[in-house]
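Structural overview for review
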Protein chains: 2
Amino acid sequence: MTDLNTIGEIGLIERIRQATAAPTHAETVLGIGDDAAVFDWGDDYGLLSTDMLIEGIHFDLTYVPLKHLGYKAVTFGVSDIAAMNGLPLQLTVSIGLSSRFPVEAVDELYEGIRAACAAYNVDLVGGDTTASRSGLIISVSVLGKVPKDLITYRNTAQPNDVVCVTGDLGAAYLGLQLLEREKQVFLADPNMQPNLAEERTYLVQRQLRPDARTDIVHELRDLGVRPTAMIDISDGLASELLHLCHQSGTGAVIFDENLPIDDQTHLAASEFNISPITAALNGGEDYELLFTVRPQEFEKLANNARITAVGYLTANPAQIVLSTKAGQQTPIRAQGWSGMEE
Amino acid sequence: MTDLNTIGEIGLIERIRQATAAPTHAETVLGIGDDAAVFDWGDDYGLLSTDMLIEGIHFDLTYVPLKHLGYKAVTFGVSDIAAMNGLPLQLTVSIGLSSRFPVEAVDELYEGIRAACAAYNVDLVGGDTTASRSGLIISVSVLGKVPKDLITYRNTAQPNDVVCVTGDLGAAYLGLQLLEREKQVFLADPNMQPNLAEERTYLVQRQLRPDARTDIVHELRDLGVRPTAMIDISDGLASELLHLCHQSGTGAVIFDENLPIDDQTHLAASEFNISPITAALNGGEDYELLFTVRPQEFEKLANNARITAVGYLTANPAQIVLSTKAGQQTPIRAQGWSGMEE
């Protein structure tokens, strides 16, 4: 018997993918292997993505309000559709609930789900509700579409492409550190009031109620820019850059000074003795997008405050590095959650 | 605070449905309220259904082989598509796994999933894998399609329609009783070998590895019969007949002697002191379909061994009754699992 930890989630998905039969329906364009499955719907490609969130693994209800959790669950799924350069149409939400949840808790959760549906213009069309033995489980499936000539995969980036990221990185991770610290304070003395100063609200909001970047999908269309490749980086910039490079057969040089990091993230990183670069590379949960464009296309994006060029792709798949101002290069690794603290 | 049990699953779904905004996309034909959501895909309607299965709630791994569980999870979703008179195209499977599961267990689960995909001609196109704190969680979403002129809803049945069911009923419930009894014997003495005689295999197979009735969808098309309404009865014939009647505004008379019950079901029911009629009405998990046809259409189905006429619809919504040979009528209620034993 082989322990799951020896192959990891990526290894498990690869094992499932390899054992999966080739599609039999002509409509199935792409199965396992990108942010969403792809279907031929005539003029458009249809997209389907699904995610599962489990209490105690993905969220802690001692500090996550159910309304925000509902919003975040939808964000989770919509972000996968955005990463294919698509826009969402419909979604289903299934929930497993233990008996400790009253009806009002379900109302609160769905208030957030409905708010997200309105924000992303997606129709809630179904789901399943069931009892659970331990806590809350949420499964979200999102259907979307993208015009055929605009779809973006992970494996189609090319050497010399400019590597871009949306928004800023690392804030959600520092928001989590703040919330975890407040939880410990509260557990030690339940009469203590949380001490989340005004200047921290951005970090906490990025952790609790992140937005998927459907705005960027609209903007790219308006600007007439089609990325050569795109991927959701909610699992962290480093690991997703590695996926994109490995699947495209390219290397990458990322400049640490270019990584977009908010001032609040810098401040909190210093307080927690965490490198802001490490938080930006490996923190994850920012629900931003990583995409690549041909160098000649980049000028159309150059003055956009929501998009930052962080490096470029190379023809050498063995070279995926972080470069400092002084020119020192270190390999980028998918660190994940262990080894984050310095 | 209101306990979830005071409103039940049906009440909860209705509460969510009422609070859900009207769809904004023209493609969304139907959201919450039938076996699957319905989308306008041009010549066809698209269908999307999602289900969640949780260890300890929906299955007991002490006697459910993982391969059969994988098969059954796909059956669960495909049955919802069949109930719309549709055929499945693609599905996603998300799993939450606690650390007690080795890699080989996942292989076994997916072996069953792949066998079901082959049996139903559906492409496995994605999913999510995650850690779980307690046991196995499976979420299945299935996309399907149906020609627009063939779709069957729950709320379009008419008085005088013939009520039909596919296959036979109650076998899966008796199979569960057999497995639960063997489990108790095993728990009392782990050296005891299971004693499931040959003649019981049908009941156990109906519980462990049920098939969705995509064959009936093909058959109805071949015969040129479009049901006036159709619903999946894996939650039990009684409760689903009530849904169909309430949503269609009809009553129904069901003849107890017409209910299709296998000889093995009769034998086991007698042994467990359970009424076979009760098992057929309320046992559930048979993954059969209930449908209604116009009386003049029924003759096309009359000689089909896989389809049984069990009654007819009336214009009186207050009259949903079981009728004995002697003409005695008793109201049909959605008993669910409590009160099954006599």
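Residues numbered from 1 in each chain as written. Chains lettered and ligands numbered in written order. Predicted model: local features only at pLDDT ≥ 70, side-chain atom pairs only at ≥ 80, totals over all residues. Heavy atoms only, no water.

**Points about the overall build of chain A**
Helix and strand content of chain A: ten helices and 13 strands. The C-alpha atoms of chain A give 20 Å as radius of gyration, which agrees with the globular expectation for 342 residues (20 Å, within 12%). For the C-alpha atoms alone, the extent of chain A along its principal axes is close to 55 × 55 × 50 Å. Buried residues in chain A amount to 58% of all 342 residues. (Helix = DSSP H or I, 4+ residues; strand = E, 2+ residues; numbered from the N terminus. Rg over C-alpha atoms; globule rule 2.2 N^0.38 Å. Buried < 20%, exposed > 50% of the residue type's maximum accessible area, 1.4 Å probe, protein only.)

**Examining the UniProt feature "binding site: substrate" (unreviewed entry) in chain A**
Residue and element names in this part refer to chain A. Residues given the UniProt feature "binding site: substrate" (unreviewed entry) here are His58, Glu285 and Trp337. Along the chain, Glu285 falls in the loop between helix H9 (276-282) and strand S10 (289-293). Glu285 gets classed as buried once you look at its relative accessible area, which sits at 14%. A polar contact is formed between the side chain of Glu285 and the side chain of Lys72, at a distance of 2.9 Å. (UniProt positions renumbered as here; feature names shortened; annotations may be inferred. Polar contact = N/O pair within 3.5 Å; in protein donor to acceptor, adjacent residues only side chain to side chain.)

**Considering the pairing of strand S11 (residues 307-314) of chain A**
Residues and elements named next belong to chain A. In this sheet, S11 lies alongside strand S7 (residues 162-166) in antiparallel orientation, the contact comprising five bridges. Looking across to S11, one finds that Thr166 is bridged to Ile307. Sheet analysis places strand S9 (residues 251-255) next to S11, joined by four bridges and oriented antiparallel. Bridged to Ile254 within S11 is Gly311. (Pairing = 2+ DSSP bridges.)

**Considering the relation of the copies chain A and chain B**
In screw terms, the move from chain A to chain B is a rotation of 180° and a rise of 0.0 Å along the axis, fitting with an RMSD of 0.0 Å. Here the copies are linked by what is in effect a two-fold axis. Take the interface residues of chain A: 100% of them recur as interface residues in chain B, which is what a same-surface contact looks like. (Least-squares fit on C-alpha atoms with pLDDT ≥ 70 in both. Contact = heavy atoms within 4.5 Å.)

**Notes on the state of the cysteines**
One pass over the full model with this rule turns up zero disulfides over all chains. The closest cysteine sulfur to the non-disulfide-bonded Cys245 of chain B is located on Cys164 of chain B, 13 Å from its own sulfur. (Disulfide = S-S within 2.5 Å.)

**Let's talk about the packing of helix H3 (residues 103-120) of chain A against helix H1 (residues 8-19) of chain B**
The description of two packed helices rests on the angle between their axes and on the distance between the axes. H1 of chain B packs onto H3 of chain A with a crossing angle of 35° between their chain directions and a minimal axis gap of 11 Å. In the packing of H3 of chain A onto H1 of chain B, the handedness of the crossing is right-handed. Across the interface between the two elements, Val103, Val106, Asp107, Tyr110 and Arg114 of chain A from H3 of chain A touch Leu12, Arg15, Ile16 and Ala19 of chain B from H1 of chain B. Here the contact of H3 of chain A with H1 of chain B is built from residues that sort into six nonpolar, no polar and three charged. (Axes fitted to C-alpha atoms, helices over the stretch in contact; angles between N-to-C directions. Left-handed = near helix turned anticlockwise from the far one by under 90°. Nonpolar A, V, L, I, M, F, W, Y, C, P; charged D, E, K, R; others polar.)

**Some details on the interface of chain A and chain B**
On the side of chain B, 70 residues touch chain A, which itself brings 69 residues to the contact. Counting the surface lost from both chain A and chain B, the interface buries some 5,900 Å², and carbon and sulfur atoms represent 61% of this. On the surface where chain A and chain B come into contact, there are four salt bridges. Among the salt bridges present, the one from Glu27 of chain A reaches Lys145 of chain B, with a minimum N-O distance of 2.7 Å. Linking chain A to chain B there are 35 residue pairs in polar contact (both at pLDDT 80 or more). Listing elements by their share of the side of chain A that touches chain B, those giving two or more residues are helix H1 (8-19), strand S2 (37-41), strand S3 (44-54), strand S4 (87-97), H3, strand S5 (123-131) and strand S6 (137-147) of chain A. The element best represented in the side of chain A that touches chain B is S5 of chain A, accounting for nine residues. The residue makeup of the side of chain A that touches chain B, split by class, is 34 nonpolar, 22 polar and 13 charged. (Buried area = accessible area lost by both parts, 1.4 Å probe. Salt bridge = Lys/Arg side-chain N within 4 Å of Asp/Glu carboxyl O.)

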